[in-house]
Amino acid sequence: MKIRPLHDRVIVKRLEAEEKTSSGIVLPGSATEKPDMGEVIAVGAGKIQENGAVRAMSLSVGDKVIFGKYSGQTVKVDGEELLVMREEDVMGVVEG
Amino acid sequence: MKIRPLHDRVIVKRLEAEEKTSSGIVLPGSATEKPDMGEVIAVGAGKIQENGAVRAMSLSVGDKVIFGKYSGQTVKVDGEELLVMREEDVMGVVEG
Amino acid sequence: MKIRPLHDRVIVKRLEAEEKTSSGIVLPGSATEKPDMGEVIAVGAGKIQENGAVRAMSLSVGDKVIFGKYSGQTVKVDGEELLVMREEDVMGVVEG
Amino acid sequence: MKIRPLHDRVIVKRLEAEEKTSSGIVLPGSATEKPDMGEVIAVGAGKIQENGAVRAMSLSVGDKVIFGKYSGQTVKVDGEELLVMREEDVMGVVEG
Amino acid sequence: MKIRPLHDRVIVKRLEAEEKTSSGIVLPGSATEKPDMGEVIAVGAGKIQENGAVRAMSLSVGDKVIFGKYSGQTVKVDGEELLVMREEDVMGVVEG
Amino acid sequence: MKIRPLHDRVIVKRLEAEEKTSSGIVLPGSATEKPDMGEVIAVGAGKIQENGAVRAMSLSVGDKVIFGKYSGQTVKVDGEELLVMREEDVMGVVEG
Amino acid sequence: MKIRPLHDRVIVKRLEAEEKTSSGIVLPGSATEKPDMGEVIAVGAGKIQENGAVRAMSLSVGDKVIFGKYSGQTVKVDGEELLVMREEDVMGVVEG
């Protein structure tokens, strides 16, 4: 079973701590608006602009992304906890 | 009797717990902004854009959707409790 | 005596409880933002868009509409209590 | 002496209670956002749109209008208390 | 020495009480958002619109204007107390 | 060392009290939103409009400007305290 | 490992105190919204405008920038603490 996000939303699966460390990213543990890290598993068709045209997404499935710790909403699909958020809430893509 | 939603609104019927589970979606029960699940039973004609054109809806009748637990407004029609919300408040469509 | 609503406003007369029930709509009585039901008795000429053009109204006189319980402002005309609200505040049209 | 309202403002003279009653409008006396009634005695040249064009006013001098009780600002001209408000704050025109 | 207001700002010199009275305007003295009266002594080049074009000002030097009592900011130039405000904050022009 | 302000920002050096007085401007000392005076020492390339075009600045280096007392942010460059603010926060240019 | 910032975001590495001093910039230590200084190490592809076009960034990798002390969000990459912020939050570029 899959969720197709609407418009400019993406679905993100949080990476486990060990995966983050192996990526070389250490996320500071104390403050309230520190970013978190995950993998994009679904992207919407794109944001509908004021003129009605659909704007293509910048993110693709498989992108490793960082995002605000409290961005998005949680949903459990087939026993897996996922996050639904707008592309705009994603801060950047982890490369290399 | 039916309700035709205005503009970019949709009418959604919440799915019962058993239906959600059979879909493979388990909705966490404790937090305040967790998404809920339902079926679209009516869609508006589309959002009226700033330039006056009507933008077609992305959702169709029959779509199974997830949305914020407190999205929309409740109305009882022919003894059935329904939700009226804007398409924008729908997070995604459950597929397969 | 009549009131011609300005721009994108409509004038709505609340339906009595018995009329609502005969329509098959039962409005839940406890919560604070549950919708109410009424009949449109006057519509404005349309919303003036940013580009100056007037956008036709979606609602017509005679439409039975549902709207938020606290939408609009009350005015008494010829002893009758009416509501003035923007078309945008109307959630949907009751059909059939 | 006259005041020429700027842009999309109008100047309104509140009607006395007897005038309102003869119009068949009874304004409820208790709540905080009930509309009031008056006559338009001056209108601005029109709202300046984002594209710089001036949008003609919907209201004309002589229109009897209803508006929110606390809309506009009071000014006394030649001993007469007047209200200056934006056309947008006028809810409708009383006809017939 | 002069101040050239930027964009859509105007510089206004408050009229003394006697000048206001001779104009036939009596400004009520008690409430908090009653308008005040003054003379425009400088106007900006115009508001820069979203499309980059400059929109000509509606007000001219010499206009007697009414404005909210607490509109604008005070500056003393050559011993004279002046107000700098946006044209939008001016409610109307006193004529005749 | 210099700072090149980004987009529609300017860098302003506050004028000393004696300079202000010699300009004929006396700034009242008590209230909270009284304007202050300074000299523009750097201007950005211009505001980037919604359509992507860059809008030329109205201010030039050397302009003596007045601005809200608490406008902008302070930075010390080569021992000199400067203000970085948006052109929009500048109220006017002192001439003559 | 690198982070590619999304849209109009940049990644900034704060400069150490000694680097700032050698640049001739002394940042005042007491107030709450004083700017800080850093070096841009990555820039996004550009802001997506309302019309869907991508607007090129004004900043480049290597730019020394000043920004509000609390701008952006902190992330640790390969043991290095970085800031992710929007270009709009950058006040200016330090030159020379």
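Right above here is the structure, for reference.
Cut-offs used in this document
Residues numbered from 1 in each chain as written. Chains lettered and ligands numbered in written order. Predicted model: local features only at pLDDT ≥ 70, side-chain atom pairs only at ≥ 80, totals over all residues. Heavy atoms only, no water. Contact = heavy atoms within 4.5 Å. Buried area = accessible area lost by both parts, 1.4 Å probe. Salt bridge = Lys/Arg side-chain N within 4 Å of Asp/Glu carboxyl O. Polar contact = N/O pair within 3.5 Å; in protein donor to acceptor, adjacent residues only side chain to side chain. Helix = DSSP H or I, 4+ residues; strand = E, 2+ residues; numbered from the N terminus. Nonpolar A, V, L, I, M, F, W, Y, C, P; charged D, E, K, R; others polar. Pairing = 2+ DSSP bridges. Least-squares fit on C-alpha atoms with pLDDT ≥ 70 in both. Patch = residues over 30% accessible without salt bridge, like charges linked within 9 Å, V, L, I, M, F, W, Y side chains within 5 Å. Areas by Shrake-Rupley, 256 points an atom, 1.4 Å probe, with all protein chains shown as cover. Lys, Arg positive; Asp, Glu negative; His and termini not counted. Charge placed at Lys NZ, Arg CZ, Asp CG, Glu CD. Buried < 20%, exposed > 50% of the residue type's maximum accessible area, 1.4 Å probe, protein only.

Novice: Before we go on, may I ask you to explain the interface of chain A and chain B in this structure?
Specialist: One frequently used descriptor of interface size is the decrease in accessible area upon assembly of the parts. Taken together, the contacts link 22 residues of chain A with 25 residues of chain B. Buried area between chain A and chain B, summed over both chains or domains, comes out near 2,100 Å², and the portion from carbon and sulfur atoms is 51%. Sorting the residues of chain A by area buried against chain B places M1(A), R4(A) and Q73(A) first, and these three jointly supply 27% of that buried surface. The tally of links between chain A and chain B comes to two salt bridges. In this structure, E88(B) engages R86(A) in a salt bridge whose closest nitrogen and oxygen atoms are separated by 2.9 Å. Seen at the junction of chain A and chain B, the total is ten residue pairs in polar contact (both at pLDDT 80 or more). Of all the secondary structure elements, the ones that give two or more residues to the side of chain A that touches chain B are β1 (2-5), β8 (73-77) and β9 (80-86) of chain A. Among the elements that take part in the side of chain A that touches chain B, β8(A) stands out by supplying five residues, more than any other. For the side of chain A that touches chain B, the class distribution of residues is eight nonpolar, seven polar and seven charged. For β1(A) and strand β10 (residues 90-95) of chain B, the ladder comprises four bridges, and the chain directions are antiparallel. Of the residues in β10(B), the one forming a bridge with K2(A) is E95(B).

Novice: Honestly, the relation of the copies chain A and chain B in this entry has me stumped. Any pointers?
Specialist: Both copies of the chain are related by a screw-like operation: a rotation about an axis and a shift along it. Mapping chain A onto chain B calls for a screw motion: a turn of 52 degrees about the axis and a shift of 0.0 Å along it, with 0.0 Å RMSD after fitting. Looking at the interface residues of chain A, only 9% of them are also at the interface in chain B, so each copy uses its own face.

Novice: Where do I start with a negative patch on the surface in this structure?
Specialist: On the surface, E50(A), E50(B), E50(C), E50(D), E50(E), E50(F) and E50(G) cluster together into a negatively charged patch. As for its placement among the helices and strands, E50(D) is situated in the loop between β5 (47-48) and β6 (54-55).

Novice: Looking at this structure, how should I read unusual backbone geometry?
Specialist: The bulk of non-glycine residues show a negative phi, and the bulk of peptide bonds are trans. Residues and elements named next belong to chain A. Even without a glycine there, the phi angle at H7 is positive, about 55 degrees. Along the polypeptide, H7 turns up in the loop between β1 and β2 (9-14). Assessed through its relative accessible area of 8%, H7 is described here as buried.

Novice: Please explain the pattern of salt bridges as it appears in this structure.
Specialist: Should their charged atoms come close, side chains of opposite charge can pair. This structure, assessed with the given rule, holds 35 salt bridges over all chains. Among the ionic pairs, E95(C) bridges to R4(B), the shortest N-O distance being 2.8 Å. In this pair, E95(C) sits in strand β10 (residues 90-95) while R4(B) sits in strand β1 (residues 2-5), so the two residues belong to two different chains. Given the relative accessible area of 30%, E95(C) is considered partly exposed. Between D36(B) and R14(B) there is a salt bridge, with its nearest N and O atoms 2.7 Å apart. One end of the pair, D36(B), is in strand β4 (residues 35-43); the other, R14(B), is in strand β2 (residues 9-14), and 22 residues separate them in sequence. Since its relative accessible area comes to 30%, R14(B) is described here as partly exposed. Here the salt bridges do not stand alone but share partners, grouping D8(A), R86(A) and E88(B) into one network.

Novice: How should I be thinking about the relation of the copies chain F and chain G in this particular structure?
Specialist: Turning chain F through 51 degrees and shifting it by 0.1 Å along the axis lays it on chain G, with an RMSD of 0.0 Å. A share of only 9% of interface residues in chain F that are also interface residues in chain G marks the association as one of differing surfaces.

Novice: Would you take a moment to explain the interface of chain F and chain G for this structure?
Specialist: Listed as interface residues are 22 residues of chain F and, on the opposing side, 25 residues of chain G. The contact between chain F and chain G buries some 2,100 Å² in all, and 51% of this surface belongs to carbon and sulfur atoms. Looking at the side of chain F facing chain G, the largest losses of area belong to M1(F), R4(F) and Q73(F), adding up to 27% of the total buried there. Our count for the chain F to chain G interface comes out at two salt bridges. Where chain F meets chain G, there are ten residue pairs in polar contact (both at pLDDT 80 or more). Elements with a minimum of two residues in the side of chain F that touches chain G: β1 (2-5), β8 (73-77) and β9 (80-86) of chain F. Per-element tally for the side of chain F that touches chain G: the top contributor is β8(F), with five residues.

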